Amino acid sequence: MLGIVVGCLVICICGLLYWRGRLMELKAHPLPPAYPRRLPIIGHTHILLSNKKNLWLIFKEICEQLLQQQNGLIYAKLGFDIYYFVSDPEDALVVANTCLEKHFLYRFAKYWMGDGLITGSGDHWHRHRQMLKQFFSLPVINSYIEVFNSQSRKLLSDFECSAEKGKFYPTKYTKYYSLGSSYATTFGKTANDKKSVLQYMEAVDEMLSLVMERFQTFWLQIDFIYSLLGYKKKESELEKFKAEISDEIIQTKKSFFNESKSTFSYIPFEPLSHLILEQHTKNAFTDQEIADELHTAMVAAYETTSKSLETILVMIGSFPKVQERMYEEIIEVLGPDRDVGKEDLRKLVYTEAVIKESLRVFPTVPSVVRYIDKDVKLKNYTLRAGSQCIIALHALHRHSSWGPDAGQFRPERWLDPATLPPYVATDAAFSFGKRSCIGKTYAMTSMKILIAHIVRKFVITADYTKVQHEVDITLTSLSGHDICLELRR
Ligand code: HEM
């Protein structure tokens, strides 16, 4: 009896202390305005559940709310969890540089990417980021220019088959371009082996859709139910498939080191796999770490670049005057049929502006989610430790600091850096701060080369106002982007 009374007393005291702590915390760190339609206890969970098939619509609405707030900060509650949304550029930069841990949902992709840069954390991530950044530098990326040109030529011949035939979806071609290029530059394997590239693509697509399904269906987040419904088995099959590929690459290169003879056919550049494996002799990476980084780079490059290319094509096709100005620049720099060279890249100034502006208006990664591991002081509020913060890149790209034409597609804004907003790296489509995209130079080089080839050969027609989006890991069109192509005569 005495035990029960003492037990009850302890529970009551703990409860009181908890609520006292919560109240003090509330006083110390007041919350910013809440997103509307908050219900007691469940918060905004009902909105998420009733719209889980179109997260993009909710997210766009949140961005609109954010843009109306002077402080560029609101919050939503999923159960007891606080999610801050930030669009103020200065505050976003503080979050990006202070909160380096990712949301717990990233762990669902770990069976494919392990502790690679995207899913890794803490000292492990920091050590890898320091070592890997040299492999994404300009001289390394310049050595891939030939790969990007040859992959572009392949895409041109595929596009030629669809030209003059009305609307078509470029998705499968941009996907093949992106994955084919990464297959060569990451694995060092020839992209001519179409079957292997397609098999890998299919596996990555399946992995990403499993991650998305788990993210959207909360009971699948419980490991036991996930296994019971057979998803874990599917994961294991995918895991085995990708491990076989990286094992083969790692073992072949190691035997090259050990036996001092090349088992590789000649490739005129150092793919990422070779560059990392060269560190093997210094014991910088374990085999598992190498595999994680290679599959991470493949996924990061494939999913984002292919979707970005679609967006860029649609924007070019929707603005004929922009397209003609690009065409003139491309002909002036490259002439009628030459491949893009290293020197040409920096001369394609307007082409680069169009790419950046397309990704400003429709960022392929519309938001970045960070876990707040300690209180973070912003201009007007302090974010509470234990919460999540969503840096809404989509809203940040429409922030008033871009000027009154923030909502318009105007590539010219990029031609005079003095008119661009301060605080954040303006091409925030690649995020900013310490965990910004390590593959930005790779992506910009690859996309510039492909877009230059396409615009030189075809006239594109599209209508971006008709595109309906959804968030499927990255920003995706609901039915595929319609574009029409005509051969330039
Ligand atoms: C247009 C194409 C691309 C876009 C829009 C893009 C965008 C982004 C964004 C927004 C992030 C930050 C994610 C976060 O903080 O959660 C990121 C991270 C990353 N990206 Fe990209 N990316 C692109 C292409 C690439 C390419 C081509 C590669 C590799 C070859 C790459 C590799 C990575 C990696 C490894 C990270 C994680 C960095 C870290 O946490 O240290 N990305 N990317």
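Structure: above.
These numbers were taken from a predicted model, which means no experiment stands behind them.

Conventions adopted
- Residues numbered from 1 in each chain as written.
- Predicted model: local features only at pLDDT ≥ 70, side-chain atom pairs only at ≥ 80, totals over all residues.
- Heavy atoms only, no water.
- Near = heavy atom within 4 Å.
- Polar contact = N/O pair within 3.5 Å; in protein donor to acceptor, adjacent residues only side chain to side chain.
- Helix = DSSP H or I, 4+ residues; strand = E, 2+ residues; numbered from the N terminus.
- Nonpolar A, V, L, I, M, F, W, Y, C, P; charged D, E, K, R; others polar.
- Axes fitted to C-alpha atoms, helices over the stretch in contact; angles between N-to-C directions.
- Parallel < 35°, antiparallel > 145°, perpendicular 65-115°, else oblique.
- Contact = heavy atoms within 4.5 Å.
- Salt bridge = Lys/Arg side-chain N within 4 Å of Asp/Glu carboxyl O.
- Buried < 20%, exposed > 50% of the residue type's maximum accessible area, 1.4 Å probe, protein only.
- Core = buried A, V, L, I, M, F, W, Y, C linked by side-chain atoms within 4.5 Å.

Draft legend 1. The site of the ligand, seen in detail. Neighbouring residues of the ligand: 26 residues in total, closest W125, R129, R370, R435 and C437. Separating an oxygen atom of the ligand from a side-chain N or O atom of W125 is a distance of 2.8 Å. Within the contact set of the ligand, an oxygen atom lies 2.9 Å away from a side-chain nitrogen or oxygen of R435. Elements with a minimum of two residues in the shell around the ligand: α6 (122-132), α14 (287-318), β4 (367-371) and α19 (440-457). Here the element with the most residues in the shell around the ligand is α14; it accounts for five residues. Taken together, the residues that form the shell around the ligand break down as 16 nonpolar, six polar and four charged.

Draft legend 2. Representation of the packing of helix α15 (residues 320-334) against α19 in the model. Where α15 contacts α19, the axes come no closer than 9 Å and their chain directions differ by 105°. Taken together, α15 and α19 sit at an angle that is classed as roughly perpendicular. When α15 is examined against α19, the residues Q323, M326, Y327, I330, I331 and L334 are found in contact with a partner set consisting of I451, A452, V455 and R456. Of the residues belonging to the contact of α15 with α19, the class tally is eight nonpolar, one polar and one charged.

Draft legend 3. Quick look at the pattern of salt bridges. Per the counting criterion, the structure on display carries 29 salt bridges. Two residues, E237 and K234, come together in a salt bridge whose shortest N-O distance is 3.0 Å. Of this pair, E237 and K234 are both found in helix α12 (residues 231-259), three residues apart, which corresponds to roughly one turn of the helix. A residue is classified by how much of its surface remains accessible, and E237, at 39% relative accessible area, is partly exposed. Measuring nitrogen to oxygen at the nearest pair gives 2.7 Å for the salt bridge that ties E352 to K448. Here E352, found in helix α17 (residues 349-361), pairs with K448, found in helix α19; they are 96 residues apart in sequence, far enough to count as distant.

Draft legend 4. Quick peek at the nonpolar core. The biggest cluster of nonpolar side chains holds 121 residues, and the ones touching the most others in it are W112, F159, Y200, M207, M447 and I454. L378, C389, L393 and F432 belong to the second-largest nonpolar core, a separate cluster that totals 21 residues.

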